[in-house]
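Structural characterization, general
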Amino acid sequence: MEISNYTTVVAYVFSALACIFAFMVVHTHSILRSAVYLVFVLLCTAVFYVLLSAELLAGIQLLVYIGGIVVLIVFVIMLTNNREMVEEKISIRQRIIAAAVSTFFFILVISILHQNQHFMPDIPAQQNFDSANIGKQLLLSQNSGYMLAFEIISLLLLASMIGALVLAFRDGFVSDKKNIQHSIENTEKKYENRETRIL
Amino acid sequence: MNMFHWMILIVFLFSAGLYGTLVRRNTLGILMSVELMLNAAALNFVVMNKYIMNHSVDGAVMTLFIVAIAAAEVVVAVAIFITLLSHKNSMDIRQVNALKN
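Residues numbered from 1 in each chain as written. Chains lettered and ligands numbered in written order. Predicted model: local features only at pLDDT ≥ 70, side-chain atom pairs only at ≥ 80, totals over all residues. Heavy atoms only, no water.

**Remarks on the layout of surface pockets**
The calculated volume of the second largest pocket comes to roughly 220 Å³. Together, Ser4, Thr7, Thr8, Ala11, Leu51, Leu52 and Pro124 of chain A together with Met1, Trp6, Lys50 and Tyr51 of chain B line the second largest pocket. Of all the secondary structure elements, the ones that give two or more residues to the lining of the second largest pocket are α1 (3–27) of chain A together with α2 (27–51) of chain B. Element by element, the count of residues in the lining of the second largest pocket is highest for α1 of chain A, at four residues. Of the residues assigned to the lining of the second largest pocket, the class counts are seven nonpolar, three polar and one charged. (1 Å grid on protein atoms, 1.4 Å probe; cavity = no way out; pocket = protein on both sides within 12 Å on 5 of 7 lines; lining within 4 Å. Points joined across faces, edges and corners; volume = space filled by probe spheres on them. Helix = DSSP H or I, 4+ residues; strand = E, 2+ residues; numbered from the N terminus. Nonpolar A, V, L, I, M, F, W, Y, C, P; charged D, E, K, R; others polar.)

Dropping the structure here:
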């Protein structure tokens, strides 16, 4: 059998897996399980990037999405208490409306794509997704380069980092000071009590 | 796997994300559904680039941008959720109906 046949089989198997896991992400009641299924969906997407011969993107998917974003989400799940882990029952009416909206969207887009199927070639075009080409395109300042967008996104990352720090520490510092003062007073009282008892 | 099959997969992933965004009440669940939608959009860029654009890597660059913006979005969202948790002691989206107090 040829190599292309194997890749086709792998692509279909992982597509089915990704669909199942994506359904489980939105269907399961437990938030922690949902996060684990999300990891599997992202892994399947990394496999798709490899199949589309974009290995750099697969690596970035693994590093940033699974190593960064999902770990952050799991961290927040562990910060919240057990009561929040399992979501309460959602009303049937809301479920039906949401399912109807998403199914309508799915059928609408698929029918539009099906009507315009003659625009879609069966064979992939010729290009090279290696890191040198992507980096050149990313850092080119003249015609059709993305240098300005690259710089703006670096600013966005900086701004979001500062914003997250401000949000996290604005109340945190004050309550920490209060807590420290409180604990200091408590220990002082304890020692005073012990001294009076000894005396 | 031709392009139409890839598109079916991507639209299914996006629809699943849409369903989750509409049906969830936990803010983290909504965030994960949005991640699913962003992931589908990024995959869409790469598939379009692979099949339609000849000698070009624009879609891959767009996917890099989507990943970077998703990371920034998640950081800010998590900071907001932790502030919400300390103020309201809950992660329910229905508690977030006022900008102040």
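**Looking at the interface of chain B and chain A**
With 73 residues of chain B at the interface, the matching set in chain A holds 80 residues. A buried area of about 7,100 Å², summed over both sides, lies between chain B and chain A, and 74% of it is on carbon and sulfur atoms. Across the contact surface, chain B and chain A share zero salt bridges. The tally of links from chain B across to chain A stands at 17 residue pairs in polar contact (both at pLDDT 80 or more). Every element with two or more residues in the side of chain B that touches chain A is listed here: α1 (3–23), α2 and α3 (58–88) of chain B. Broken down by element, the residue count for the side of chain B that touches chain A peaks at 23 residues, all from α3 of chain B. Per-class residue counts for the side of chain B that touches chain A are 49 nonpolar, 17 polar and seven charged. (Contact = heavy atoms within 4.5 Å. Buried area = accessible area lost by both parts, 1.4 Å probe. Salt bridge = Lys/Arg side-chain N within 4 Å of Asp/Glu carboxyl O. Polar contact = N/O pair within 3.5 Å; in protein donor to acceptor, adjacent residues only side chain to side chain.)

**Describing the packing of α1 of chain B against α2 of chain B**
Residues and elements named next belong to chain B. It is the contact of α1 with α2, at a shortest axis distance of 7 Å, that shows an interaxial angle of 165°. Comparing their axes, α2 and α1 come out roughly antiparallel. Note that α1 runs across α2; the crossing there is left-handed. Contacts between α1 and α2 pair Met3, Trp6, Met7, Leu9, Ile10, Leu13, Phe14, Ala16, Gly17, Leu18, Gly20 and Thr21 from the former with Ile30, Ser33, Val34, Leu36, Met37, Ala40, Leu43, Asn44, Val47, Met48 and Tyr51 from the latter. Of the residues assigned to the contact of α1 with α2, the class counts are 18 nonpolar, five polar and no charged. (Axes fitted to C-alpha atoms, helices over the stretch in contact; angles between N-to-C directions. Parallel < 35°, antiparallel > 145°, perpendicular 65-115°, else oblique. Left-handed = near helix turned anticlockwise from the far one by under 90°.)

**Looking at unusual backbone geometry**
Trans is the prevailing form of peptide bonds, just as negative phi is the prevailing case for residues other than glycine. Phi at Ser53 of chain A takes a positive value of approximately 60°, unusual for a residue other than glycine. By the element assignment, Ser53 of chain A lies in the loop between α2 (31–51) and α3 (55–79). Of the residues examined, Ser53 of chain A reaches a relative accessible area of 27% and is grouped as partly exposed. Here His55 of chain B, not a glycine, exhibits a phi torsion of approximately 50°, which is positive. Along the chain, His55 of chain B turns up in the loop between α2 and α3. (Buried < 20%, exposed > 50% of the residue type's maximum accessible area, 1.4 Å probe, protein only.)

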